[in-house]
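# Fold and geometry: a report
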Amino acid sequence: DISEQKYAEQRINRLARYDQITDLPNRNYFNEKLNEEISNARNKATSLALMTLDLDGFKLINDMRGHSTGDRLLKFIGERLQYLPSNEIFAARIGGDEFTLLFSFKEKQDEIETILKSRAEEIIDLISHPYMLDGEETVITASIGITIHSDESPDSQSLIKNSDLALYAAKKKGKNCFEFYKPEFSSNVEDQFALTNLLRKALTKNQFELHYQAKNKAKSHEVIGYEALIRWKLDDGVLVSPGQFIPVAEESGMITEIGKWVFEEAIHQSQCWLYSGFHFGRIAINISGRQLSDDGFVQWVEALINKTKASPEHFELEITESWLIEDPDKSAKVLR
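Residues numbered from 1 in each chain as written. Predicted model: local features only at pLDDT ≥ 70, side-chain atom pairs only at ≥ 80, totals over all residues. Heavy atoms only, no water.

Moving on: the nonpolar core. Counting residues in each nonpolar core, the largest one holds 37 residues, and the members touching the most others are L199, F208 and I258. If you list the elements that add at least two residues to this core, you get α7 (183-204), β8 (208-216), β9 (223-233), α8 (242-252), α9 (255-275), β11 (282-286) and α11 (297-308). Broken down by element, the residue count for this core peaks at eight residues, all from α9. Discounting residues that sit within four places of it in the chain, L199 has contacts with F208, W232, F245, V248, A249, M254 and I258. Counting residues in each nonpolar core, the second largest holds 34 residues, with I77, A91, A120 and F180 among its members. (Core = buried A, V, L, I, M, F, W, Y, C linked by side-chain atoms within 4.5 Å. Buried < 20%, exposed > 50% of the residue type's maximum accessible area, 1.4 Å probe, protein only. Helix = DSSP H or I, 4+ residues; strand = E, 2+ residues; numbered from the N terminus. Contact = heavy atoms within 4.5 Å.)

Now the structure itself:
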């Protein structure tokens, strides 16, 4: 009787190919299936599309309510994805809160995009229905990136990369939506990579400068202060707009170092103005959410004020509302 041995083999095979939390296929099984479907698509037997799905705000649920609650939510999402027609869609969890959905079609190429739009809307709606977690109703949304197998994405790595780029575009668009891959997404990433490398050198080459914009009273037009605005001046004298480089600095983590430079430079300017007898009121300094979420930020500001003997009443800090909403308890503590 070899039934026990057969059962053990089946168990090992399942552990190797399926995710233990959601019971969906895992990354290994997904990669096998993807290569198989690409082979079919090359032989013109079927058309192939890939969706990458990422949950919006899952980290906050994990952090605030614990990993066990997060795991239960993932399990529920896995169950909902299993409702999808398995003859058309292969759903997998490839790690964290990221899922992939493979679609194989026999329809004509020009019909596929319409079908995918409809499917993406159904999936977003399916995910967003409330979940009951720890006796409390919880809502979470999803963002989806979509790519279709073509000459531009002929292999598995290209499909995965393009789907990820489309997902990133969906997140930037406002989340809880989907986006199809466009070739310009790849060129945008290459431009961003080049910009990141230039940005790393900008501080050491002293290419940043602060411009001071006057703040006026609406009725009397009296100047009551200034806002410090950063500009990046390249070696050829061209000024790069903050709208171009600040998002890159945020994503790369360089915003913390750049933010410190802005603070130090604004304090230095205030002292020059005071020494010359110029009364400027207050200087407003923009602070990023990443700086404020740094546990050592308050101590760093305090040390800088003590070191420079600057007067705190000459400064105000400007922050974005999104950071306040993201973690209200921590933001209140830091602001106090």
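Structure's up, so let's keep going.
Our next topic: α8. Every buried residue belonging to α8 is among F245, V248 and A249, and all of these are buried. Taken around the axis of α8, the buried residues stretch over an arc of 100°, which confines them to a single face. On the buried face of α8, the contacting elements are α7, β8, β9, β10 (239-240) and α9. Measuring from the backbone nitrogen of G243 back to the side-chain oxygen at the start of α8 gives 3.1 Å, which picks out S241 as the cap. The first or second residue beyond α8 is G253, which carries a positive phi of 90°. (Arc of directions from axis to C-beta. Polar contact = N/O pair within 3.5 Å; in protein donor to acceptor, adjacent residues only side chain to side chain.)

Turning our attention to the sheet that holds strand β6 (residues 141-148). Working definition: the strands of a sheet are paired by backbone hydrogen bonds and lie parallel or antiparallel to each other. Strand order in the open sheet formed by five strands is β2-β3-β1-β6-β7, with mixed pairing between adjacent strands. Bordering the open sheet on either side are β2 (89-95) and β7 (178-180), each of which pairs with just one other strand. Each neighbouring strand pair of the sheet contributes to a mean axis angle of 20°, computed without reference to strand direction. Sheet topology places strand β1 (residues 47-56) next to strand β3 (residues 98-105); eight bridges connect them, and they run antiparallel. Bridging across to β3, D54 finds its partner in E98. The strands that helix α4 (residues 67-81) touches are β1, β2 and β3; relative to β3, the one it contacts most, it runs at about 5°. (Pairing = 2+ DSSP bridges. Axes fitted to C-alpha atoms, helices over the stretch in contact; angles between N-to-C directions.)

This brings us to the packing of helix α3 (residues 58-65) against α4. Packed helix pairs are specified by the crossing angle of their axes together with the interaxial distance, meaning the distance between the axes. In the contact formed by α3 and α4, the axes pass within 6 Å of each other and the chain directions differ by 140°. It follows from the interaxial angle that α3 and α4 lie oblique. Here F58, I61, N62 and R65 of α3 come into contact with α4, specifically with H67, T69, G70, L73 and L74. For the contact of α3 with α4, the per-class residue count stands at four nonpolar, four polar and one charged. (Parallel < 35°, antiparallel > 145°, perpendicular 65-115°, else oblique. Nonpolar A, V, L, I, M, F, W, Y, C, P; charged D, E, K, R; others polar.)

Here β2 lies mainly inside the structure; six of its seven residues are buried. Counting the residues in the hairpin turn of β2 and β3 gives two residues, including G96, whose phi is positive at 55°.

Our focus in this paragraph is the packing of aromatic side chains. Applying the stated criterion to the full structure yields 15 aromatic pairs. Each ring, one from Y212 and one from W273, has its centre 5.1 Å from the other, and the planes form 65°; the classification is edge-to-face. Placement of Y212 in strand β8 and of W273 in helix α9 is noted, with a sequence separation of 61 residues between them. The class for Y212 is partly exposed, based on a relative accessible area of 21%. (Phe/Tyr/Trp six-rings, centres within 6.5 Å; stacked < 30°, edge-to-face > 60°.)

Okay, unusual backbone geometry next. Most peptide bonds take the trans configuration, and most residues that are not glycine carry a negative phi. Unusually for a residue other than glycine, N206 sits at a positive phi of about 55°. Along the chain, the position of N206 falls in the loop between α7 and β8. Classification of N206 by relative accessible area gives exposed; the value is 64%. One non-glycine residue, K309, lies in positive phi territory at about 60°.

Once that is clear, we can look at the packing of helix α6 (residues 156-173) against α7. Packing of α6 against α7 brings their axes to within 10 Å, and their N-to-C directions diverge by 80°. With respect to α7, the element α6 is oriented roughly perpendicular. Within the contact between the two elements, α6 uses K161, N162, L165, A166, Y168 and A169 and α7 uses F185, S186, V189 and Q192. Of the residues assigned to the contact of α6 with α7, the class counts are six nonpolar, three polar and one charged.

Attention now moves to the pairing of β6. Of all the eight residues making up β6, seven are buried; the element is thus mostly covered by neighbouring parts of the structure. As paired elements, β1 and β6 share eight bridges and run antiparallel to each other. Among the inter-strand pairings, L50 is bridged to a residue of β6, identified as T147. Bridge analysis of β6 against β7 gives three bridges, and the strand direction is parallel. For I146, the partnering residue across the bridge sits in β7 and is F180.

Now for the environment of I124. By the secondary structure assignment, I124 is in helix α5 (residues 109-128). Sequence spacing of I124 and F178 is 54 residues, and the spatial spacing of their C-alpha atoms is 8.4 Å. Non-local contacts of I124, meaning those with residues more than four positions away in its chain, are made with A142, I144, N176, C177 and F178.

Remember that the coordinates give geometry; whether it matters functionally is a separate question.
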